[in-house]
Amino acid sequence: MTSIPHHAPPLLENHVAGHWVAGNGPATELKDPVTGDTLARVSSAGLDLDATFAFARDTAGPALRALSYGARADCLFRIVTTLQAHRDDYYAIAQANSGTTTNDSAVDIDGAIYTLGFYAKQGAALGDAMTLLDGPAVPLAKDASFGVRHVFRPTPGVALFINAFNFPSWGLWEKAAPALLAGVPVIVKPATATAWLTQRMVADVVAAGILPAGALSVICGSADGLLDRIGAFDVVSFTGSAETAATLKRHPAFTERSARFNVEADSLNSALLMPDASPDTPAFEQFVREVVREMTVKSGQKCTAIRRAFVPAEYFDAAASAISAKLAQVVVGDPRNETVKMGALVSMAQKRSVIDGIAHLRAEAEVLFDGADAVFVDAGPDSACVAPTLLGLREGAAGQRVHDTEVFGPVATLIGYRDLPQALALAKRGQGSLVASLFGNDAGAMHGPALALAEAHGRVHAIDPSVAKTQTGHGNVMPMSLHGGPGRAGGGEELGGLRALRLYHQRAAVQGPAALLEALTQNGTQMPQ
Ligand code: NAP
């Protein structure tokens, strides 16, 4: 692993309109959350945003769309190769700037490379196609001389990503892979606190000369002025807090110009122990392991992390002690020390927010495992380290805050339920979440609950002992599965295989003579389901 050099913190440049440009205003510092050292600085002041968006939309977009889907998939393959060649540098940046252990950095870095590789393979299967078709031609006249065929065309705009701090790598590439495959140029504004990894990856891909000029831009620092440039055919994907999403939603880009707005916001995800999963059964053990894993991977800074763990009231004490016993073994501290299993939060601001969040929940929940007095390895109280905290609420229906407050750190609440209908109703009090998981010993018994949870969640993850070794994890977002959730979770949809292409395409009905409808199939292929 390469180490981070100790010299004056560099000012990270922005890549816009095919050029690298330094911001010319006051810079914001990016910190090491363990040591407090300044690592780099960013500024987006003074950029010519009109030229940036125009170049991406009018020059890079047509150049991308002159390629077939298969040729764009080949670009994704080459991006994978480029990123793989620099993996060690990315791990060093993540350790320094995100405070993550090697395992946690992998979720972000290797997760991104895997997702890009998946889309490269899916896109390659579209071959030389230049147009995606949506079903067969359908006659509109009795003699079939006149009919309609639905087609998908890439939107002639840009894809703007405003991303969250917790996935500077995956958050870029899980969105950029389908956008670029669709033929839509990307402008990414990473969250400032961890912008370095995003900026460095863009720099490596730009240097490799894989994409047409202007097809991949990065703007580090303030988002000021970005939405003002968004037009009718652009797509904005936002990942972050529900509060910021609500502010952005009111922008004229959406209220007047009707640009597409995909939101992945915060979420009160659940894990639900089925009534048959008593403490002496394998499903109970699987549940305990998963709750602990979700609380501690990336220090709980995952949008999909389990925030509420529902158990039958009679198993509450057994679950509390089993989860607490495992949490007691988690070594927290500086990820440079190899004994450390859980690194820091991303910033001191996040640490304050998590400590405040725990205090807020404690007004109605008891503390079952207290991280407040933990000692950290190679990190002092001034670091952004926070130890895991398990809260508890024996009567789930009595709570309010635990169902609507997301504490974005290593914090979860164990919640007792009376019967299955009550548990399902409580899960839905999250008002729409990204994911809910079920843990039981009988797959058949999870049929009804899985469908009930699917009404209010983007993903349902059902686990029984038969999949102990093969299941992909409650919080892991697989590119084959949909990611997003209704209501509170933002109402967005990402990934889900080639379903992800739809966000970047316009579906249109072309009505005309049969000969035209037949001609539309040249260089076309059906959009896979
Ligand atoms: P955030 O404060 O809402 O920031 C998200 C992004 O929005 C950042 O790039 C931020 O830039 C930018 N931003 C903030 N205010 C803005 C404004 N007025 N106009 C334009 N852009 C603005 O969220 P965060 O703290 O980075 O992320 C944590 C949250 O994200 C958690 O709640 C988590 O649940 C959610 N999340 C959801 C998903 C998902 O897929 N559903 C994934 C990851 C995280 P600056 O950094 O420069 O302020």
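Residues numbered from 1 in each chain as written. Predicted model: local features only at pLDDT ≥ 70, side-chain atom pairs only at ≥ 80, totals over all residues. Heavy atoms only, no water.

## Considerations on the domain arrangement of the protein
Okay, step 1: Taken domain by domain, the protein holds domain 1 (50-265 + 492-526) and domain 2 (270-479).
Okay, step 2: Computed over C-alpha atoms, the centres of domain 1 and domain 2 are 32 Å apart.
Okay, step 3: Counting from both sides, the interface comprises 24 residues of domain 1 and, opposite them, 22 residues of domain 2.
Okay, step 4: Counting each side, the surface lost to burial between domain 1 and domain 2 is near 1800 Å², with a carbon and sulfur contribution of 63%.
Okay, step 5: When residues of domain 1 are sorted by the area they lose upon contact with domain 2, Asp104, Phe165 and Asn166 head the list and together hold 28% of the total.
Okay, step 6: Applying the counting rule to domain 1 against domain 2 returns 0 salt bridges.
Okay, step 7: Our count for the domain 1 to domain 2 interface comes out at 6 residue pairs in polar contact (both at pLDDT 80 or more).
Okay, step 8: Those elements that provide at least two residues to the side of domain 1 that touches domain 2 are helix 3 (87-98) and helix 4 (102-124).
Okay, step 9: Residues that form the side of domain 1 that touches domain 2 fall into these classes: 10 nonpolar, 11 polar and 3 charged. (Domains from an automatic or database assignment. Contact = heavy atoms within 4.5 Å. Buried area = accessible area lost by both parts, 1.4 Å probe. Salt bridge = Lys/Arg side-chain N within 4 Å of Asp/Glu carboxyl O. Polar contact = N/O pair within 3.5 Å; in protein donor to acceptor, adjacent residues only side chain to side chain. Helix = DSSP H or I, 4+ residues; strand = E, 2+ residues; numbered from the N terminus. Nonpolar A, V, L, I, M, F, W, Y, C, P; charged D, E, K, R; others polar.)

## Notes on the UniProt feature "domain: Aldehyde dehydrogenase" (unreviewed entry) in the protein
Okay, step 1: According to UniProt, the positions carrying the feature "domain: Aldehyde dehydrogenase" (unreviewed entry) are residues 20-462.
Okay, step 2: Helix and strand shares over residues 20-462 are 38% and 20% respectively, and the end C-alpha atoms of the span are 47 Å apart. (UniProt positions renumbered as here; feature names shortened; annotations may be inferred.)

## Some words on the side chain of threonine 405
Okay, step 1: Here threonine 405 is to be found in the loop between helix 12 (401-404) and strand 17 (411-417).
Okay, step 2: According to the relative accessible area criterion, threonine 405 is buried, its value standing at 18%.
Okay, step 3: Of note is the side chain of threonine 405, whose polar atom sits 3.2 Å from the side chain of aspartate 404. (Buried < 20%, exposed > 50% of the residue type's maximum accessible area, 1.4 Å probe, protein only.)

## Regarding the site of the ligand
Okay, step 1: Taken together, 25 residues form the shell around the ligand, and within it Asn163, Thr192, Ser241, Thr244 and Glu406 come nearest.
Okay, step 2: Within the contact set of the ligand, an oxygen atom lies 2.6 Å away from a backbone nitrogen or oxygen of asparagine 163.
Okay, step 3: Glycine 240 places a main-chain nitrogen or oxygen 3.3 Å from an oxygen atom of the ligand.
Okay, step 4: Taking 920 Å² as the accessible area of the ligand by itself, protein coverage stands at 78%.
Okay, step 5: Taken atom by atom, the bulk of the ligand overlaps the largest pocket.
Okay, step 6: Going through the elements one at a time, strand 11 (235-239) and helix 7 (242-249) are the ones with two or more residues in the shell around the ligand.
Okay, step 7: Split into classes, the residues belonging to the shell around the ligand amount to 12 nonpolar, 9 polar and 4 charged.
Okay, step 8: A domain split of the shell around the ligand shows at least three residues from each of domain 1 (50-265 + 492-526) and domain 2 (270-479). (Near = heavy atom within 4 Å. Areas by Shrake-Rupley, 256 points an atom, 1.4 Å probe, with all protein chains shown as cover. 1 Å grid on protein atoms, 1.4 Å probe; cavity = no way out; pocket = protein on both sides within 12 Å on 5 of 7 lines; lining within 4 Å. Sits in = over half its atoms within 2 Å of the grid points.)

## Brief notes about the pairing of strand 19 (residues 457-463)
Okay, step 1: The pairing of strand 18 (residues 433-439) with strand 19 spans 6 bridges and is parallel. Residue pairing for strand 19: valine 435 is matched across the bridge by arginine 459.
Okay, step 2: In this view, the connection linking strand 18 to its parallel neighbour strand 19 by way of helix 14 (residues 447-454) has right-handed handedness. (Pairing = 2+ DSSP bridges. Right-handed = clockwise from strand over helix to strand, strands pointing away.)

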